[in-house]
Amino acid sequence: MLDLLAALAQLGLDPDELCHAAGVDPQALGKPDSRIPTEQFVGILVEAERRRQDPLIGMHAGEHSEPRGPVAYLLMSHGSLADGLRAMSRVAALAVDRIRVELDIGLETASVLFHPHDPTFESSPHAVEYLLAAILRLIRRAYPDLELCEVDFRHARISGAEEAARVFGAPVRFAAADNRIVFPGHELQKPSRLGNPLVTDQLTKLATALAAEVTPFASLEDRVAQTARALLASGVRPHRAVVARRLGMSQRSLQRGLEAERTTFRAVQESVVWELVEALLSDSTLKLDAVARSVGFGDQAAFSKAFRRWKGCTPARYRAQLAASGG
């Protein structure tokens, strides 16, 4: 929802006004435990269409979306398109609860199929078109010269195919059998320009933490670390009160439990946060603002201040040191 609102703002629409019209509580968007109902997501797009008089508002918003956050970086950081798409198929439901993404490899072409499995989402052409346009924009950030064969949608449209072809950079078919992006099979081996094994390793941990809702852990320290990674995967800094609530504990019980294991909440939290920070900083293509927001800082200034306490230098200087050392 936050990415959608940011994209619509690029089109000149006011996010607060859209939220008010669609019944979305803006404060809920900042809470790590919030899940936004599909009806409200679709409602935002309906209101955006009304205000701009744009029957293709979904794909136009997708065209302006900016990929961010650990889950997005997971797709981009894999060494090849095939590995990145397989990773996306495993973690897609973390963004949209019921969605399933399938990689279908044929003799000459390969397809990424999208199955929302949500009647409200599927009934909205805007939502489906936004989804595919945003994902394609994400893929093209890592694979800018990706060759496409076509893009298919299950829903029908009387007009708009020419504009859709411009947005997607490929022929677009409506009233097709599936929602899919089709490309030549040889593209699967294309290397990502953002490939980074260190980033992939860290973000795989975060995605696993989100997906594993009920997983037995050997220690409270492990449970705290896993919960912290889950919050970071949502771009939220893991504060003590939020982690305790996620674990169904009081803050006092959390503190006592960690003391019994000879550690503290701050030690576990900082270990997880800065482990991820170091991995993200090793990717020189990521802006410092994006790194800051990916670990839950509200702005780059707050992140830089905390970073100086941790490493004794600015993030930019530390990134330069990593590059100089080959890290």
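Figured I'd write up the structure that's included with this text.

### As for the layout of surface pockets
By rolling a water-sized probe across the atoms, one finds the places where empty space is left.
At step 1: Counted as a void, the second largest pocket has a volume near 220 Å³.
At step 2: Along the walls of the second largest pocket sit Arg237, Arg240, Phe265, Arg266, Gln269, Glu270, Trp274, Phe297, Ala302, Ala306, Arg309 and Trp310, which together make up its complete lining.
At step 3: Elements with a minimum of two residues in the lining of the second largest pocket: helix 14 (265-281) and helix 16 (300-311).
At step 4: Broken down by element, the lining of the second largest pocket gets its largest block of residues, five residues, from helix 14.

### What to know about the side chain of Glu187
At step 1: Relative to the helices and strands, Glu187 is located in the loop between strand 5 (179-184) and helix 10 (197-211).
At step 2: A residue is classified by how much of its surface remains accessible, and Glu187, at 4% relative accessible area, is buried.
At step 3: Separated by 3.4 Å, the side chains of Glu187 and His186 make a polar contact.
At step 4: Residues contacting Glu187, with those up to four places away along its chain left out, are Leu81, Asp145, Leu146 and Glu147.

### Considering helix 16
At step 1: Taking 1.5 Å of rise per residue, the twelve residues of helix 16 would be expected to cover 16 Å, and the 16 Å separating its terminal C-alpha atoms lies within 8% of that figure.
At step 2: When helix 16 is considered as a whole, its buried residues turn out to be Phe303, Ser304, Ala306 and Phe307.
At step 3: For helix 16, the secondary structure elements touched by its buried residues are helix 14, helix 15 (288-294) and helix 17 (315-325).
At step 4: If you check the start of helix 16, you find a side-chain oxygen 3.1 Å away from the backbone N of Ala301, and it comes from Asp299.
At step 5: Trailing helix 16 by a residue or two, Gly312 shows a phi angle of about 80°, which is positive.

About the cut-offs
- Along every chain, residues carry numbers that run from 1 in the direction the sequence is written.
- Predicted model: local features are reported for residues with pLDDT of at least 70 only, side-chain atom pairs are reported and counted for 80 or more only, and whole-chain, interface and lining totals are derived from all residues.
- Hydrogens and waters are ignored; side-chain quantities use all the structure's heavy atoms.
- The rule is simple: put a 1 Å grid over the protein atoms alone, call a set of points where a 1.4 Å probe fits but cannot get out a cavity, call an open set with protein on both sides within 12 Å along at least five of seven lines a pocket, and count a residue as lining if it has an atom within 4 Å of a point.
- Grid points are joined across faces, edges and corners, and a volume is the space filled by probe spheres set on the points.
- For helices the rule is a DSSP run of H or I covering at least 4 residues; for strands it is a run of E covering at least 2, with both sets numbered from the N terminus onward.
- Here the term buried applies to any residue with accessible area under 20% of the maximum for its type, exposed to any over 50%, and partly exposed to those in between, with areas from a 1.4 Å probe on protein chains only.
- Pairs of N or O atoms are called polar contacts if they sit within 3.5 Å, as long as, within protein, a hydrogen donor faces a hydrogen acceptor (for residues adjacent in sequence, only side-chain-to-side-chain pairs).
- It only takes one pair of heavy atoms within 4.5 Å for two residues to be counted as in contact.
- In this analysis, the expected span of each helix is defined as 1.5 Å times one less than the number of residues it contains.

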